[in-house]
Amino acid sequence: MSIKTKIAAAALAALAVTGSIVSTTSSAEAKQPGWVWGVGAGIATAAVVGSAIAASNDPYYYGYHRCGWVAQYNAFGQYVGRVRTCY
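Below or above, wherever it landed, is the structure these notes cover. None of these values were measured; they are calculated from a predicted model.

On to the overall build of the chain, then. Summing up its helical and strand segments, the chain has two helices and two strands in all. N-terminal to C-terminal, the α/β element order of the chain is α-α-β-β. Counting only residues that meet the buried cut, the chain has 3% of its 87 residues in that class. Counting only contacts in the chain whose residues sit at least 6 apart along the sequence, the fraction spanning at least 24 positions is 22%. As displayed, the chain offers around 7,500 Å² of accessible surface, 65% of which is attributable to carbon and sulfur atoms.

To describe a pair of aromatic rings, one takes the distance between the centres and the angle between the planes. Applying the stated criterion to the full structure yields one aromatic pair. Lying over the aromatic face of Trp69, Arg82 brings its terminal NZ or CZ to 4.6 Å of the ring centre.

Next up on the list: the state of the cysteines. Tallying each qualifying case throughout the model produces one disulfide. Here Cys67 is linked by a disulfide to Cys86, with a sulfur-sulfur distance of 2.0 Å. Taking the torsion about the sulfur-sulfur bond, which here is approximately 105°, the covalent link between Cys67 and Cys86 counts as right-handed. Linking Cys67 in strand S1 (residues 67-73) with Cys86 in strand S2 (residues 79-86), this pair joins segments that are 19 residues apart in sequence. Judged by its relative accessible area of 38%, Cys67 is partly exposed.

Mapped onto the fold, Ala44 is located in helix H2 (residues 35-56). Between the C-alpha atoms of Ala44 and Leu15, which are 29 residues apart in sequence, the distance is 9.0 Å.

This paragraph deals with the environment of Gln72. Within the secondary structure layout, Gln72 lies in strand S1. The class of Gln72 is partly exposed, set by a relative accessible area of 39%. For the pair Gln72 and Arg84, spaced twelve residues apart in the sequence, the C-alpha separation amounts to 9.9 Å. Those residues in contact with Gln72 that lie beyond four places of it in its chain are Gln78, Tyr79, Val80, Gly81 and Val83.

What counts and how
Residues numbered from 1 in each chain as written. Predicted model: local features only at pLDDT ≥ 70, side-chain atom pairs only at ≥ 80, totals over all residues. Heavy atoms only, no water. Helix = DSSP H or I, 4+ residues; strand = E, 2+ residues; numbered from the N terminus. Buried < 20%, exposed > 50% of the residue type's maximum accessible area, 1.4 Å probe, protein only. Contact = heavy atoms within 4.5 Å. Areas by Shrake-Rupley, 256 points an atom, 1.4 Å probe, with all protein chains shown as cover. Phe/Tyr/Trp six-rings, centres within 6.5 Å; stacked < 30°, edge-to-face > 60°. Lys NZ or Arg CZ within 6 Å of the ring centre and 35° of its normal. Disulfide = S-S within 2.5 Å.

By themselves, these figures tell us nothing about what the structure is for.
See below:
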């Protein structure tokens, strides 16, 4: 599992726990519409997931990466196949 997937799963679990705590501790009375909590939770989740995705990508300090196919050899010098590499 990649780090992005782990962070997204942790954020979703935290959101589910927070939502269950909020829904069980509030009393049934007239108040603001329930969609306000959903909008707030959606914005918070988008911020967490967006920052996790942005943090996992390489910065473009030197421009875009160049990618190509490179021959791969085993320990005996025999051709094994090609591998896509980016530099």
